[in-house]
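# Reading the structure
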Amino acid sequence: MKNYHLSPSQFREEGKKIIDWIADYYENIEKYPVLSQVEPGEVIEKLPNNPPQKAESFESIMKDMDEIIMPGITHWQSPNFYAYFPSNTSFPSILGDLVSSGLGVQGMIWATSPAATELETRVLDWLAEMMDMPEKFKSTSSGGGVIQDTASTSALTAVIAARERATKLESNKSGVRQKLVAYVSSQTHSSLEKAIKMAGIGSDNLRTIDVDATFAMRPDLLEEQIQGDKSNGFLPFFVCATIGTTSSNGMDPIRKIGEICNNQNCWLHVDAAMAGTAMLCPEFRHFKDGVELADSYCFNPHKWMFTNFDCDVFWVGNRSELINTFSILPEYLKNKATESGAVFDYRDWHVQLGRRFRALKLWFVIRQYGVEGLQYHIRKHVEMARDFARWVDASSDFELMVDPPLNLVCFRHKSDDEFNLKLMNAVNESGKAFFTHTKMNGRIALRMSIGQTHTEERHVKQTWELIQNTAKKLSLL
Ligand SMILES: *Cc1c(COP(=O)(O)O)cnc(C)c1O
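Thresholds applied
- All residue numbers refer to positions counted from 1 along the written sequence of the respective chain.
- Only residues with pLDDT of at least 70 get local features here, since the model is predicted, and only at 80 or more are side-chain atom pairs given and counted; chain-wide, interface and lining totals rely on the full set of residues.
- As a rule here, side-chain values come from all non-hydrogen atoms in the structure, and water together with hydrogens is ignored.
- UniProt positions are given in the numbering used here, feature names are shortened, and annotations may be inferred rather than shown by experiment.
- A molecule or strand has a residue near it when one of that residue's heavy atoms lies within 4 Å.
- For the purposes of these results, a polar contact is taken to be a pair of N or O atoms within 3.5 Å, where, inside protein, one atom must be able to donate a hydrogen and its partner to accept one; residues adjacent in sequence count only when each atom of the pair is a side-chain atom.
- To measure how exposed things are, a 1.4 Å probe is used in the Shrake-Rupley method; for residues, cover is taken only from the protein chains shown.
- Runs of E in the DSSP output that reach at least two residues are strands. Runs of H or I that reach at least four are helices, and both are numbered from the N terminus.
- Residue polarity is assigned by list, with Asp, Glu, Lys and Arg as charged and Ala, Val, Leu, Ile, Met, Phe, Trp, Tyr, Cys and Pro as nonpolar; anything else, Gly included, falls into the polar class.
- The classification of residues rests on relative accessible area computed with a 1.4 Å probe and restricted to protein chains. Under 20% of the type maximum is buried, over 50% is exposed, and intermediate values are partly exposed.

The name recorded for the chain in an unreviewed UniProt entry is Aromatic-L-amino-acid decarboxylase, from Mariniphaga anaerophila. Recorded in UniProt for the chain, the comment headed Sequence similarities (unreviewed entry) runs: "Belongs to the group II decarboxylase family." Turning to the chain, the UniProt record has this under Cofactor (unreviewed entry): "pyridoxal 5'-phosphate".

Close to the ligand lie 14 residues; Ala151, Ser152, Asp271, Asn300 and Lys303 are nearest. Note that an oxygen atom of the ligand is positioned 2.7 Å from one of the backbone N or O atoms of Ala151. Between the ligand and Asp271 there is a distance of 2.6 Å, counted from a nitrogen atom to a side-chain nitrogen or oxygen. Relative to its free-state accessible area of 390 Å², the ligand is covered by the protein chains to the extent of 88%. At the level of elements, α6 (151–166) and α10 (301–304) are the ones that each hand at least two residues to the shell around the ligand. Here the shell around the ligand is built from residues that sort into three nonpolar, nine polar and two charged.

Residue Asp310 is reached from Phe309 by a cis peptide bond, and omega for that bond is 0°. Position of Asp310 relative to the elements: it lies in the loop between α10 and β7 (312–316). One non-glycine residue, Asn249, adopts positive backbone phi at about 65°. As for its position among the elements, Asn249 is in the loop between β4 (235–242) and α9 (254–264). According to the relative accessible area criterion, Asn249 is buried, its value standing at 1%. Within the chain, Phe306 stands out as a residue other than glycine whose phi angle is a positive 60°. With respect to the element layout, Phe306 can be found in the loop between α10 and β7. Phe306 gets classed as buried once you look at its relative accessible area, which sits at 1%.

Here it is in structure tokens:
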């Protein structure tokens, strides 16, 4: 019978070439401009208007990959990528992801591939152990972990579970929901506001708590706001605390916030999307002090833990609350294993039904690096950030905005905002490095986020020189 499929032997041949292509890419990555230099519409113009009627060769696909796609790539895996937050990866992760694609498993429930569920359970228990998380987050206790696509989805999941707790699973009855109020800080990631909107809580019912000089939420103001809302007839139900805020890596005081939440019967979600990876190292764990008071916690191995996007770890202290919120059992998914109650069906732990076998890439990464290897590289990143901060502090033209708690340095040139933005754009347009900015206390701050897999001291040093030299040139203009 005629068919258009690639045979396994053709796949073997083409696949090996693509592995070589990826290895070449990493060997040459520093030759590309870090920030893509294309203009809007430049890539789409080079792509044919119509799809191919006839089958094309892999050779022609890869030729277009090199000529059309690569110029439009911003090189997130470049050692000179310091923008936003890292979204790093590593070879074991790439290979684990490839194996997952190869198996093409859809792990929505235990029965659709037992290993996909059980490996995920085990690996997330390992991670809880590796980060000294409270016992309740483990599957062997009352809670457990599940892999979500992003921290945004974890936030939505937490808000919805909290809503169901507060309304005793009756949130669909009228009159209950409009009284619910949630709390974040002025530095909390925007995904929380989005979650509050999506969960039907209403943006009006989201309170923003002010921060202190280190950009950490002020628990005294949180308590005051909760008391005020209660006396006005509202029902406080949810607080999000952050370990490592997006703008400046602010560290909310988890214990104090947790005590307030426990007293006030609020769900505490801890968002540690980027900084969470640092919990691999005992010397950084003071940032999570009090985490046993949290109901849920998430961090993204796809940011700083050498694991391909997407991979967010979401832990809860009480899995029944999650399952009671999200489980639904249509006839066509009924099966013995589910009915026995002896297995986890992860589709009951989140919004989506279908799910990829993402635990594989995590398993590959943890096994190939070992806990020691992961700790080594995280410590290196933090050391490099501290070196960079020292150089900034010692310079007469630049200043630190705040002492960097981990791997993000917020700094500025001592001249005005306009100059700082000009400086950033000039460095980025040079293609030699890419970094971004934020606003802190109303002023522009430059952000040097150090966490790419292959970033070494020499890269950070060269980038500091580039920033200084560019500033000198610009001030002579
Ligand atoms: C990056 C980040 C997010 C959003 O992450 P996604 O996984 O892309 O949704 C949320 N919170 C914090 C603190 C972050 O750093």
